[in-house]
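Below, each chain spelled out in residue letters.
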Amino acid sequence: MTGMMRYLAIAALAAMMGMGLAACEDDPGPAEEAGQNIDEAMEEAGESIEEMGESLEENAEGGSDGY
């Protein structure tokens, strides 16, 4: 899980940097909008992966009693 958390941290950092750069411009061009969409998609994917990992961990902890 450590590798996945590292990947999520890097994706979150990239998203924050992208949003910081986007705030500097008043009228973003098409490339900037595409980058923002990619950042948002990466952030959502990271959150989904993290939730899935937490769910798997909870299931693993709960399932070990009966087996």
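Refer to the structure presented above.
All values reported here derive from a predicted model rather than from experimental measurement.

Colleague: What exactly am I supposed to notice about the overall build of the protein chain here?
Modeller: Within the protein chain one finds two helices and zero strands. Per-residue burial for the protein chain yields a buried fraction of 10% across its 67 residues. Accessible surface, the protein chain as shown: approximately 5500 Å² in total, 59% of it carbon and sulfur.

Colleague: Just to check I follow, could you spell out a negative patch on the surface for this structure?
Modeller: A cluster of acidic residues, Glu-40, Glu-43, Glu-44, Glu-47, Glu-50, Glu-51, Glu-54, Glu-57, Glu-58 and Glu-61, forms a negative patch at the surface. Along the chain, Glu-51 falls in helix H2 (residues 30–63).

About the cut-offs
Residues numbered from 1 in each chain as written. Predicted model: local features only at pLDDT ≥ 70, side-chain atom pairs only at ≥ 80, totals over all residues. Heavy atoms only, no water. Helix = DSSP H or I, 4+ residues; strand = E, 2+ residues; numbered from the N terminus. Buried < 20%, exposed > 50% of the residue type's maximum accessible area, 1.4 Å probe, protein only. Areas by Shrake-Rupley, 256 points an atom, 1.4 Å probe, with all protein chains shown as cover. Patch = residues over 30% accessible without salt bridge, like charges linked within 9 Å, V, L, I, M, F, W, Y side chains within 5 Å. Salt bridge = Lys/Arg side-chain N within 4 Å of Asp/Glu carboxyl O. Lys, Arg positive; Asp, Glu negative; His and termini not counted. Charge placed at Lys NZ, Arg CZ, Asp CG, Glu CD.

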